Amino acid sequence: MSRLFLIRHGETEGNALRIVQRPDIPLSPRGVQQAERLAHRLAAAGIARIVSSDYARAAATAEHLQRATGAPLAFEPLLQERNFGDLRGRPYSELGFDMFEPDYAPPNGETWPIFNARVDQAWARVQALAADSGGNLAVVTHGLVCRSLTARHLILPDGESAPERWENTSLTIVDWPAPWRVR
């Protein structure tokens, strides 16, 4: 049995200030520390391969993990965060509505059904990479991707449900092959 390490990226200034993020936002100094601690924690976890969103915050988190493990790193655009289109760069507090509502369609962005369909494609790609990795696979992505995967593709322990919010550098350990069970 192998493991999949599902990881949310480290903190950015946008996370700390509650701003809808753009793809190019780097890790904050705190986020760099979080990524370093996570990499140190997983350095001896037998990670054979790392796949990451290509957004700057996830890529930087994955690069810390790559340096600690020596595992090859590849970028997968399907693992990108939900595209909130014209809302990117705006503080949550100025929106005047909940952009996470199930029926909300952000202007020039992804609806939940479109986002979830993309995450389904990402999940197919992750499963293929896991089967081909020859060991444990680390997946570095974003909070809503983690939430979508956990709620719709992973088996949670009895009595647990997918959390609404994923903290920066949160780690979800999943046993595989199928069924994909969260530890």
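Residues numbered from 1 in each chain as written. Predicted model: local features only at pLDDT ≥ 70, side-chain atom pairs only at ≥ 80, totals over all residues. Heavy atoms only, no water.

Undergrad: I'd like to hear about the sheet that holds strand β4 (residues 136-141), residue by residue, with values.
TA: Taking strand neighbours across the sheet as the criterion, the 6 strands line up as β3-β2-β4-β1-β5-β6 in an open arrangement whose pairing is mixed. Edge positions in the sheet fall to β3 (73-75) and β6 (181-182), since each has one partner strand and no second. As paired strands, strand β2 (residues 47-52) and β3 are joined by 3 bridges and run parallel to one another. Bridging from a neighbouring strand, V51 pairs with A74 of β3. In this fold helix α3 (residues 56-69) packs onto β1 (2-8), β2, β3 and β4, with an angle of close to 165° to the strand it touches most, β2. (Pairing = 2+ DSSP bridges. Helix = DSSP H or I, 4+ residues; strand = E, 2+ residues; numbered from the N terminus. Contact = heavy atoms within 4.5 Å. Axes fitted to C-alpha atoms, helices over the stretch in contact; angles between N-to-C directions.)

Undergrad: Could you give me a rundown of the pattern of salt bridges, with the residues and numbers involved?
TA: Close approach of charged atoms lets side chains of opposite charge pair. If you walk through the whole model with that rule in mind, you get 10 salt bridges. The shortest N-O distance in the salt bridge between E76 and R125 comes to 3.2 Å. Of this pair, E76 sits in the loop between β3 and α4 (112-133) while R125 sits in helix α4; the two residues are 49 residues apart in sequence, bridging distant segments of the chain. By relative accessible area, which is 13% here, E76 ends up buried. Residue R125 is classed as partly exposed on the basis of its relative accessible area, which comes to 38%. A salt bridge links R165 to E167; the nearest nitrogen and oxygen atoms lie 3.4 Å apart. The exposure class assigned to R165 is partly exposed, which follows from its relative accessible area of 46%. (Salt bridge = Lys/Arg side-chain N within 4 Å of Asp/Glu carboxyl O. Buried < 20%, exposed > 50% of the residue type's maximum accessible area, 1.4 Å probe, protein only.)

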